[in-house]
Amino acid sequence: MESEGREALARWEAERPENFYEAAPNLGRVLRAHLDGDVVAALEPRLRAFGAAVAQVVEPAAQTQEREGHGPRLVPADWLGREANEIEFHPARATAGRAVWEAGLFGAPAFEQAALMYLLAHAGEAGHACPFACTAGLVRALREHGSPDLQARFLPPLLVTDYEQAERGSQFLTEVQGGSDVGENATEAVPDDLEPGAWRLHGEKWFCSVADADQFVVTARPEGAPAGTDGLACFLVPRRVDGHSNGFRIRRLKDKLGTRALATAEIEFEGAIAHPIGELDDGFKIAAGVVLNTSRWLNACGSAGLMRRAYLEAAGFARHRTAFGQPIADFPLVRENLAIIKAEEHAALASTMALTGLVDALDRGSADDETVSLHRLLVNTNKYVTSIVATHVVHRAIEVLGGNGTIEDFSPLPRLYRDAIVFESWEGTHNVLVEQVRRDSARFDLLPLVLADLRGRLTALTPTDEVATVSAALDGLQPRLEWGLAEPLHFRRQLGELHRAAQATFLLAEADGDAESEKAEVAAFFIRRRLRRDYDPEADGGYASLIDRVLAGDVPAPVER
Ligand SMILES: Cc1cc2nc3c(=O)[nH]c(=O)nc-3n(C[C@H](O)[C@H](O)[C@H](O)COP(=O)(O)OP(=O)(O)OC[C@H]3O[C@@H](n4cnc5c(N)ncnc54)[C@H](O)[C@@H]3O)c2cc1C
């Protein structure tokens, strides 16, 4: 006979979702806000199948890979002592990889890719989120800038859906000196003596994730090119040439806080054959504007997915765990915490799917100048805000689970927490993204355009107190942002506030016309806490009941209050 405490936890375990798509009804609602109903209906069977695969195949495989001694291992040489540069993984990685690649990640249009990454990240990075993002970026770079010959040689194997046959991409920009300052890259490219148009790379890359990839995207400076980012070209470096390792050496794999199933290496190039993607002079534009921007967008899809999983874990646990004679879900502070997690996740998905609409227009070649400018700002602010919030949200979920939240095999939360922290530094740290937006805003006059876009969206909505609050927030922000353009110390905070106003606008648009909906309650809660500078929950008699309405579908209010 088990104790009641154990039985309650066993009930929680039995109730854990077996399909993350079915457990995320909001995803379908958000997709319907952006796409025609019949498009979403056609997409749903694939998302449902993937939601089941992530819960039933990828998640257990991610747990297995996380165990002590199950991480990637460098195999520097083969049995004869010949340089091998291969990486060995636990078999669980391929088990998960087959389920992920089967979904047809790279033939899919932007909204489907976004939804797949969101669902995949329910299992954290899991060894495959980074390869997904890097390969998606390489596919876009080849499609948009690759010569017909390069496309013919390298694109088809990236699109294969059989995990064992498919080739994967990676992106190596960061070097030991400079770090974020990619303009300091010292890796050099010299023309190859034998193959016309090909180059040879010499130099070292300091952070190389998906070190097992078949095709590396590498920034390097052609001999004689100017200093800074202007002199960088973007190369495709095949892992093997004629079946042999292509002139590179893996110095070591890094031992990391998170994303531990992923092989991240230090790699030295010693004459590797490299093929330019696009014109040499456009290298940084392609590496940052196409490859990194794809990763920034998919990073945000992943952050939203991490948050959703954190909410599922915390809400489920709170319904079953009893303390001081009642379910902990009845305690007002637990309820407030859950409502914050839920609202943040909805806000992250709202801004990320709004961004996905811009990515979709760019992919289809139908983007006008305004779309290009909005994307330029939103892709950076959205990655900055969603990645930082994901860490806070997973931390909050760990709090709901109490001490159990810190135990490795009790829930995925410790793993998700470590992964979320790594997501924060990928594709640009917060400061670096904010600085990029500050520079772009000054150069392309982005802020008036973004503010006008948000105001236009708000004006099109049914007028409500929430709409008025967000409009007032934008009015207050405008002069501060203009001032902040010359004040790096303050611009990060102001940009964060602008992004919160953007998220509120997107949430209100999703809820428009249905004031009674869960989305409208979530938007109201988010706006009160994040947008009203003078908001005081103590003076708000409706605060507790608003929390109840936010949670109504998942965590019922206590019977007696
Ligand atoms: C696990 C992992 C895997 C990675 N994989 C890859 C990969 O595959 N390919 C790749 O190219 N890179 C990869 N990276 C590198 C990642 O993109 C960098 O860590 C990131 O770009 C920051 O560079 P850095 O770590 O050198 O930090 P630094 O550039 O040294 O920055 C240190 C601090 O200074 C701040 N800072 C820097 N410049 C400014 C500024 N102008 N204003 C204000 N503050 C500033 C930063 O915000 C940060 O807080 C990986 C990183 C990690 C952790």
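Residues numbered from 1 in each chain as written. Predicted model: local features only at pLDDT ≥ 70, side-chain atom pairs only at ≥ 80, totals over all residues. Heavy atoms only, no water.

Each helix and strand in the chain was counted, giving 17 helices and 13 strands. Taken over the C-alpha trace, the chain has a radius of gyration of 24 Å; the compact-globule value for 561 residues is 24 Å, and the two agree within 12%. Over its C-alpha atoms, taken along the principal directions, the chain stretches across nearly 80 × 65 × 45 Å. Counting all 561 residues of the chain, 57% fall into the buried class. Of the contacts made within the chain by residues no fewer than 6 positions apart, 73% connect residues no fewer than 24 positions apart. (Helix = DSSP H or I, 4+ residues; strand = E, 2+ residues; numbered from the N terminus. Rg over C-alpha atoms; globule rule 2.2 N^0.38 Å. Buried < 20%, exposed > 50% of the residue type's maximum accessible area, 1.4 Å probe, protein only. Contact = heavy atoms within 4.5 Å.)

This part covers the packing of helix α1 (residues 4–15) against helix α8 (residues 283–320). Put simply, α1 and α8 touch, their axes get as near as 9 Å, and they point 145° apart. Between α1 and α8 lies a crossing of right-handed hand. Residues A8, L9, R11, W12 and E15 of α1 touch α8, and the partners they reach there are E313, G316, F317, R319 and H320. Considered class by class, the residues forming the contact of α1 with α8 number four nonpolar, two polar and four charged. (Axes fitted to C-alpha atoms, helices over the stretch in contact; angles between N-to-C directions. Left-handed = near helix turned anticlockwise from the far one by under 90°. Nonpolar A, V, L, I, M, F, W, Y, C, P; charged D, E, K, R; others polar.)

With that out of the way, let us pick up the environment of C208. Here C208 is to be found in strand β5 (residues 199–209). Remark: the alpha-carbon pair of C208 and L150, spanning 58 residues in sequence, is separated by 23 Å. Discounting residues that sit within four places of it in the chain, C208 has contacts with F172, A263, T264, A265 and I267.

Before going further, it helps to examine the packing of aromatic side chains. Evaluation of the coordinates by the stated rule reveals 14 aromatic pairs. Taking the centre distance of 6.3 Å and the plane angle of 70° together, the rings of F216 and F269 count as edge-to-face. Of this pair, F216 sits in strand β6 (residues 215–222) while F269 sits in strand β11 (residues 264–276), and the two are 53 residues apart along the sequence. For the pair formed by F216 and F269, the shared burial category is buried. Of the aromatic side chains, those joined through ring pairs into one cluster are W101, F106, F132 and Y163. Over the ring of F207 we find K254; its NZ or CZ atom is 4.7 Å from the centre of that ring. When the ring centre of F444 is taken as reference, the NZ or CZ atom of R376 above it lies at 3.9 Å. (Phe/Tyr/Trp six-rings, centres within 6.5 Å; stacked < 30°, edge-to-face > 60°. Lys NZ or Arg CZ within 6 Å of the ring centre and 35° of its normal.)

The topology assignment puts R93 in helix α4 (residues 91–101). In terms of polar contacts, R93 uses its side chain to reach the side chain of Y163, at 3.4 Å. Apart from residues lying up to four places away in sequence, R93 is in contact with Q65, G127, H128, P131, Y163, D212 and A261. (Polar contact = N/O pair within 3.5 Å; in protein donor to acceptor, adjacent residues only side chain to side chain.)

It is worth spelling out the pairing of strand β2 (residues 83–88) at this point. Here strand β1 (residues 73–77) runs beside β2; their pairing, made up of four bridges, is antiparallel. Its bridge partner being in β2, R73 is matched across the sheet by E88. Connecting β1 to the antiparallel partner β2 that follows it, the hairpin turn spans five residues, and G81 within it adopts a positive phi of roughly 80°. (Pairing = 2+ DSSP bridges.)

The next subject is the site of the ligand. In the vicinity of the ligand there are 20 residues, among which Q171, T174, S180, S209 and T429 approach most closely. The contact in question runs from a nitrogen atom of the ligand to an N or O atom on the backbone of Q171, over 2.8 Å. Residue N431 places a side-chain N or O atom 3.2 Å away from a nitrogen atom belonging to the ligand. Contributing elements (two or more residues each) for the shell around the ligand: β3 (169–172), β5, α11 (413–425) and α12 (430–444). Residue composition of the shell around the ligand, by class: seven nonpolar, ten polar and three charged. (Near = heavy atom within 4 Å.)

With respect to the helices, strands and loops of the structure, Q65 is situated in helix α3 (residues 37–66). Exposure remark for Q65: the relative accessible area of 3% places this residue in the buried category. Considered as a pair, Q65 and A126 are 61 residues apart in the sequence and their alpha carbons are 8.0 Å apart.

Attention now moves to the pattern of salt bridges. Inspection of every chain in the model, using the stated rule, returns 48 salt bridges. The salt bridge partner of E88 is R73, with a shortest N-O separation of 2.8 Å. Here the residue E88 occupies a position in strand β2, and R73 occupies one in strand β1, the gap between them amounting to 15 residues. Classification of R73 by relative accessible area gives partly exposed; the value is 46%. Of the charged contacts in the structure, one is a salt bridge between K254 and E266, with a shortest N-O distance of 2.8 Å. Of this pair, K254 sits in the loop between β10 (248–253) and β11 while E266 sits in strand β11, and the two are twelve residues apart along the sequence. Given the relative accessible area of 15%, K254 is considered buried. (Salt bridge = Lys/Arg side-chain N within 4 Å of Asp/Glu carboxyl O.)

The next thing to look at is the side chain of T352. If you trace the backbone, T352 turns up in helix α9 (residues 332–364). When its relative accessible area of 1% is taken as the criterion, T352 is described as buried. For T352, the side chain forms a polar contact with the side chain of N382, separated by 3.1 Å. With near-sequence residues (within four places) excluded, T352 lies in contact with W297, A300, C301, N382 and T386.

To continue, consider helix α6 (residues 129–145). Taking 1.5 Å of rise per residue, the 17 residues of α6 would be expected to cover 24 Å, and the 24 Å separating its terminal C-alpha atoms lies within 8% of that figure. In terms of burial, α6 is a largely internal element, 14 of the 17 residues being buried. (Expected span 1.5 Å × (residues − 1).)

The method is simple in principle: a probe with the dimensions of a water molecule rolls over the atoms, and the space it marks as empty is what remains. Size it by volume and the second largest pocket reaches roughly 890 Å³. Around the second largest pocket, the lining comprises 37 residues; the ones closest to its centre are Q63, Q65, E66, R67 and R415. Those elements giving two or more residues to the lining of the second largest pocket turn out to be α1, α3, α8 and α11. With seven residues, the top contributor of residues to the lining of the second largest pocket is α3. (1 Å grid on protein atoms, 1.4 Å probe; cavity = no way out; pocket = protein on both sides within 12 Å on 5 of 7 lines; lining within 4 Å. Points joined across faces, edges and corners; volume = space filled by probe spheres on them.)

In protein chemistry, a disulfide is the covalent bond that joins the sulfur atoms of two cysteines. Within the structure shown, the criterion is met by zero disulfides. Here C130 is not cross-linked by a disulfide; its sulfur's nearest cysteine counterpart is in C134, at 3.9 Å. For C130, a relative accessible area of 8% gives the class buried. A disulfide-free cysteine, C301 has its sulfur positioned 14 Å from the sulfur of C130, the nearest such atom. In this structure C301 comes out as buried when scored by relative accessible area, which is 3%. (Disulfide = S-S within 2.5 Å.)

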